[in-house]
Amino acid sequence: MPTLIVIGQAGDERSIDGESGQSLMQIMRDNGVNELQALCGGACSCATCHVWIDPAFVSLLPAMSGQEDDMLACAAERHPNSRLSCQLKMSEKLDGIRVTVAPI
Amino acid sequence: MSVTQQQKQTIPDHVPAELVRDMDINTYAASFGDPYEAAARLHEGPDIFWATTAANGRPGWVLTRQALVQEAYLDPEHFSSERADLAAMGISWKLNPLEFDPPEHHKYRRLLNPLFSPRAVAEMDSPVKAVCDELLNAIVECGSCEFIGDFAEKFPSYIFLDLMGMPREMLPEFLEWERLLLRAEDPRQKVAAMMSVFNFLQKFIDEQRIEPTTELMKTILSAKYEDERLLSNDEVMGMVALLYIGGLDTVFSMLGWIFRHLAGDVQLQDRLRANPELIPQAVEEFLRAYPVAQPHRKIKHEIEFHGVKMRKGDHVLMATFAANRDPRAYDNPHIVDIERKPRLLTFAAGPHLCLGIHLARRELRIVVEAFLARCKNIRMPAGEKIEFHTGGTWGIDRLALEWDPV
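The structure reproduced in this document is the subject of the present report. Source: prediction; values computed, not measured.

**Brief notes about the overall build of chain B**
And then number 1: What chain B contains, in helices and strands, is 18 helices and 15 strands.
And then number 2: In terms of overall size, chain B behaves like a compact globule, its C-alpha atoms giving a radius of gyration of 21 Å where 406 residues would be expected to give roughly 22 Å.
And then number 3: With the C-alpha coordinates of chain B rotated into their principal frame, the extents come out at 60 × 55 × 40 Å.
And then number 4: Relative to its 406 residues, chain B shows a buried fraction of 55%.
And then number 5: Sequence separation of 24 or more characterises 69% of the internal contacts of chain B that already satisfy a separation of 6 or more.
And then number 6: Counting every atom, chain B has about 17,200 Å² of accessible surface; 51% of that belongs to carbon and sulfur.
And then number 7: Computing the positive centroid from 46 side-chain charges and the negative centroid from 60, chain B places the two 2 Å apart.

Pasting the structure below:
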């Protein structure tokens, strides 16, 4: 089972076992990362599942859609490694990926 | 409950008899002293049933469970928002982007998102606080009020005018139109009031085209659809009208339920006054327990949804009052517990997640904090009862309150 490492806004770090095929957002929500609001439930419609991706993993991710780009444009602290976690699916290739919950 | 022969004839043949309930959801809920009690009753029955009157005066499916409502909201392919409810009034435009499905939906929604992002809403704090204080100043010395008429009902019109940059001179007319729109017994008066609002909004848009006076109107009027062309008048009208309607009875209804609840729990008032950092989570729990909007969808393509065959054209009620009190999703769902920090369907989910969610939450927090800072022992006078309505939104129509100065 690939592992997701989540860093909270306070800097706290935890490892979560994720299932391949599940969105990173879903894995985080299912494992009690409540500060990730994910208000729209994963429809790329709210920008509140915003995470900063460990730069080492950024190039392994699928390209961002126009809609994800639009949503991130409204985000409070957008950086080049910003992604919406509801748009990223866990896989073995992403084992050990570190993501930081971004402020909304 | 039996179903009369006549009603049997209006039940489509794909609806199994055992799932039919001869009931008007709104009348049923209104028969309780607190309409949200209807949720518990519905949960004694099937997760999905067919009500002879479900939403908008029409028969349809009722989704009573949190997981089902969530799933339907995330499936706009089947559960469509495509409609033109105002067409009956001779209106050519659709509420924008409310009455659109993906992919069109996002093409419009993306133009409005930056105006209501958490960052953008943070800048609205001052005008919202100013309106709240202005209305509260007028009543706080009296030690009593009819909260809906004296505060809650006025609040959205004041906010809308200020946010849109419309002149305060329009306030009395807006309040009158709002009153008729939401409360007139005669549907023709409601329609006339709505037309008055829309006529005013059209004039306002025409003036703003010549000289935009707010960032909001500048953004809408210079926005490019698919980065190619400016919005048409119908599209602009659809957006401005939705901005008016969206924050209207939703916000004032929510204020009614919140203050009704607070009036019954002085301990909670004291706790929130002493610990205002708890107000945001208290507001979230109030939003869960007393969801105001009861939206509906229409089936666009046939689907078998959790064992129930739904045909194209079927209406579906997203019974948020029931979903938010689903014991499968929430322990002791009928208890308001500010430690709960719940997930909510109050603002929907999926692409139509309420555009105003961040603004609404802030407005509610600001009002609760302002009242608690200046009023203690808020209560309903002895013998007073609330009056409320159900329907597309559920709201309190009359809430007599009294309090002591802090």
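Once you've had a look at it, read on.
**Comments concerning the overall build of chain A**
And then number 1: Helices and strands together make up the secondary structure of chain A, namely three helices and five strands.
And then number 2: Ordered by position from N to C terminus, the α and β elements of chain A give β-β-α-β-α-α-β-β.
And then number 3: Relative to a compact globule of 104 residues, whose C-alpha radius of gyration would be 13 Å, chain A shows 12 Å and is just as compact.
And then number 4: Seen along its three principal axes, the alpha-carbon backbone of chain A occupies a region of about 35 × 25 × 25 Å.
And then number 5: In chain A, of all internal contacts separated by at least 6 residues, the share reaching a separation of at least 24 is 63%.
And then number 6: Accessible surface for chain A amounts to roughly 4,400 Å². Of this, 48% is attributable to carbon and sulfur atoms.
And then number 7: Here chain A contributes 7 positive and 13 negative side-chain charges, whose respective centroids are spaced 3 Å apart.

**Remarks on the nonpolar core**
And then number 1: F147, F151, F155, L201 and F259 of chain B are the most contacted members of the largest nonpolar core, which has 127 residues in total.
And then number 2: Considering every element that reaches this core, the biggest residue donor is helix α18 (residues 357-374) of chain B, with ten residues.
And then number 3: Counting 28 residues, the second-largest nonpolar core is a separate cluster that includes L4, M25, F57 and M71 of chain A.

**Thoughts on the environment of I16 of chain A**
All names here are of chain A.
And then number 1: Take I16: it is sitting in strand β2 (residues 13-17).
And then number 2: Taking the C-alpha atoms as reference points, I16 and P2, 14 residues apart in sequence, are found 8.6 Å from one another.
And then number 3: Residue contacts for I16: discarding those within four places in its chain leaves P2, T3, L4, V6, I27, N31 and V33.

**Describing the packing of helix α10 (residues 171-183) of chain B against helix α11 (residues 187-210) of chain B**
What describes two packed helices is the angle between their axes and the distance between those same axes.
Residues and elements named next belong to chain B.
And then number 1: At a minimum axis distance of 7 Å, the contact between α10 and α11 shows a crossing angle of 140 degrees. Our pair here, α10 against α11, has a crossing hand that is left-handed. Contact residues: α10 offers F174, W177, L180, L181 and L182, while α11 offers Q189, K190, A193, M194, S196, V197 and F200.
And then number 2: Among the residues making up the contact of α10 with α11, the classes are represented as nine nonpolar, two polar and one charged.

**Description of the packing of aromatic side chains**
Two aromatic rings, taken as a pair, are described by how far apart their centres are and by the angle between their planes.
Residues and elements named next belong to chain B.
And then number 1: Counted according to the given criterion, the structure contains 24 aromatic pairs over all chains.
And then number 2: Ring centres 4.4 Å apart and planes at 25 degrees place the aromatic pair F321 and W394 in the stacked group. With a gap of 73 residues between them, F321 in helix α17 (residues 320-323) and W394 in the loop between β13 (387-389) and β14 (395-398) connect regions that are remote in the sequence. Neither F321 nor W394 differs from the other in exposure class; each is buried.
And then number 3: Taken together, the aromatic side chains of Y36, W257, Y290, F321, F388 and W394 make up a single cluster linked through ring pairs.

**Here we look at the sheet that holds strand β4 (residues 82-84) of chain A**
All names here are of chain A.
And then number 1: As summarised here, the arrangement of the five strands in space is β2-β1-β5-β3-β4, forming an open sheet in which the pairing is mixed. Each having just a single partner strand, β2 and β4 make up the two edges of the open sheet. The mean angle between the axes of side-by-side strands here comes to 35 degrees, regardless of whether they run parallel or antiparallel.
And then number 2: Alignment of strand β3 (residues 50-53) against strand β5 (residues 97-101), held across three bridges, turns out to be antiparallel. Pairing of V51 across the sheet is with V101, part of β5.

**Looking at the interface of chain A and chain B**
And then number 1: The interface of chain A with chain B comprises 19 residues on the first partner and 19 residues on the second.
And then number 2: With both chains or domains summed, chain A and chain B bury close to 1,400 Å², and 53% of this area falls on carbon and sulfur atoms.
And then number 3: Its largest share of buried area at the contact with chain B, chain A owes to L39, D70 and C74 of chain A, together 35% of the area lost on that side.
And then number 4: Scanning the region where chain A abuts chain B turns up one salt bridge.
And then number 5: Its salt-bridge partner being D70 of chain A, residue R110 of chain B comes within 2.6 Å of it at the nearest N-O pair.
And then number 6: Broken down by element, the residue count for the side of chain A that touches chain B peaks at three residues, all from helix α3 (residues 66-72) of chain A.
And then number 7: For the side of chain A that touches chain B, the per-class residue count stands at eleven nonpolar, six polar and two charged.

What counts, and at which threshold
- Residues numbered from 1 in each chain as written.
- Chains lettered and ligands numbered in written order.
- Predicted model: local features only at pLDDT ≥ 70, side-chain atom pairs only at ≥ 80, totals over all residues.
- Heavy atoms only, no water.
- Helix = DSSP H or I, 4+ residues; strand = E, 2+ residues; numbered from the N terminus.
- Rg over C-alpha atoms; globule rule 2.2 N^0.38 Å.
- Buried < 20%, exposed > 50% of the residue type's maximum accessible area, 1.4 Å probe, protein only.
- Contact = heavy atoms within 4.5 Å.
- Areas by Shrake-Rupley, 256 points an atom, 1.4 Å probe, with all protein chains shown as cover.
- Lys, Arg positive; Asp, Glu negative; His and termini not counted.
- Charge placed at Lys NZ, Arg CZ, Asp CG, Glu CD.
- Core = buried A, V, L, I, M, F, W, Y, C linked by side-chain atoms within 4.5 Å.
- Axes fitted to C-alpha atoms, helices over the stretch in contact; angles between N-to-C directions.
- Left-handed = near helix turned anticlockwise from the far one by under 90°.
- Nonpolar A, V, L, I, M, F, W, Y, C, P; charged D, E, K, R; others polar.
- Phe/Tyr/Trp six-rings, centres within 6.5 Å; stacked < 30°, edge-to-face > 60°.
- Pairing = 2+ DSSP bridges.
- Buried area = accessible area lost by both parts, 1.4 Å probe.
- Salt bridge = Lys/Arg side-chain N within 4 Å of Asp/Glu carboxyl O.

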